[in-house]
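Per-entry structural report
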Amino acid sequence: MLQCDRGRTIGLSSLGIVLFVLLAGSLFAQERGVIYSQHTPNMVDLNPDPDSPHWRDAPPVVTDADTVGRTFPAYRTEIRSRWDGQNLHILYSCAADTITLNPSPDRRIKTHELYRWDIAELMIGSDFANIEIYAEFGASAQEEWYDYLRGVPENRGGGFRWTTGFKVKGRIDRERKLWYLEMSIPLNMLDPKHAPAAGNRFRVNFYRYQYVDSRTLYLAWRPTGVEADFSIPKAFGILILK
C-alpha cells in the first residue's frame, strides 16, 4: 500500500488494467467529440457497474489523455451516459494503480476543494449562445460531491449557492484496479427551457483529478489546450439525448 501526502492512498491489485484495456478496445466507438446518452424507459437505482443490464448497452467514450493531449494509458477512463426522462446519468470507469481519498469524508453537504483528492468531474451546459454559463459537478468514489453554476454570480443564485439535488454512487474494485462513479442529475436543472426529449443537445466535457506520487494528472475527454485547466468551455464536446 502506498501513502500520499494529500490523504490516504489505497493500492489496487493488477489484473484490472489489462482486462479494462482489452474490453475497451472491442467496444463501439462513438463519433469523435460526441457522446450519445441512451434512453431508458424506467428510472433505476444508481448502480455504478458497466456490466449491469442498465449500462452494458450504453456505448462509452474513452480517454487516457490530459488537458494538453499527453497520454497516460494506466489511467484510462470510460464514460457512459443514459437518461430516463427526468435524470441524466453519467458513469465513469476509472483505471488507476492507486486511489487517493479524503480521510474524513462528509457526504451530507457539498465538499469544497474536492479536487485535493482523486475525483471525476462533469462540466455541462445547455446555452449554446452563452457558453460561459455551464454547470460543474464533481464527486469521489466514496460519494463526496459538489455542484456549482459557472457564469452566474452567487447573488443571483449561481456559484456554490446553486443546488441541484443530484445523486452519486461510487464503487472501488481493488482487484481490477478500477473505481467507478455514477452521477444522476435532474435534467430540468441542466436545461430549464426545454422538456427532456430525444435530440436535445448539451455542451459537455469530462475530467479526472488523479494523484500519482507527488504529481497531479489533469485528465480530460476533450483536451482544453491549456495546462492543468478544465474550465475552457470552447473545448467542450457534445452530448445528445438519444
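Here the structure is shown first, and the text comes after it.
Description of the pattern of salt bridges
Throughout the structure, instances matching the rule amount to eight salt bridges. Of the charged contacts in the structure, one is a salt bridge between Asp 106 and Arg 108, with a shortest N-O distance of 2.9 Å. By sharing partners, the salt bridges in this structure join Asp 66, Arg 70 and Glu 227 into a single network.

A few points about the pairing of strand β7 (residues 119–125)
Burial analysis of β7 places seven of its seven residues in the buried class, which makes it a mostly covered element. With burial as the criterion, each face of β7 is covered, one bearing Ile 119, Glu 121, Met 123 and Gly 125 and the other bearing Ala 120, Leu 122 and Ile 124. Strand direction decides the pairing type here: β7 and strand β12 (residues 201–212), joined by seven bridges, are antiparallel. Bridging across to β12, Met 123 finds its partner in Asn 205.

Quick notes on the nonpolar core
With 41 residues, the main nonpolar core has Tyr 92, Leu 122, Phe 137 and Met 183 as its most contacted residues. For Tyr 92, the residues in contact, after removing those within four places along its chain, are Thr 77, Glu 78, Ile 79, Ala 120, Glu 121, Leu 122, Trp 179, Tyr 180, Leu 181, Met 183, Phe 206 and Tyr 207.

Looking at unusual backbone geometry
Look at Glu 143: it is not a glycine, yet its phi comes out positive at around 75°. Here Glu 143 lies in the loop between β8 (134–139) and β9 (145–150). One non-glycine residue, Ala 228, lies in positive phi territory at about 55°. Along the polypeptide, Ala 228 turns up in the loop between β13 (215–220) and β14 (237–241).

Rules of the game
- Residue numbers run consecutively from 1 along every chain, following the written order of its sequence.
- Note on the predicted model: pLDDT of at least 70 is required for a residue's local features to be given, and 80 or more for side-chain atom pairs to be given and counted; whole-chain, interface and lining totals, by contrast, use all residues.
- Calculation of side-chain values draws on the structure's entire complement of heavy atoms; hydrogens and water are dropped beforehand.
- Should a side-chain nitrogen of Lys or Arg be within 4 Å of a carboxyl oxygen of Asp or Glu, the pair is scored as a salt bridge.
- To sort residues, take the accessible area from a 1.4 Å probe on protein chains only and compare it with the maximum for the residue type: under 20% means buried, over 50% means exposed, and anything in between is partly exposed.
- Each helix is a run of DSSP H or I of at least 4 residues and each strand a run of E of at least 2, with the numbering of both proceeding from the N terminus.
- One requirement defines pairing of two strands: DSSP has to find at least two bridges between them.
- Remark: nonpolar core denotes a set of buried residues (Ala, Val, Leu, Ile, Met, Phe, Trp, Tyr, Cys) joined through side-chain atoms within 4.5 Å.
- Throughout, a contact is declared for two residues whenever any of their heavy atoms are within 4.5 Å.

The analysis is restricted to geometry; functional conclusions fall outside its scope.
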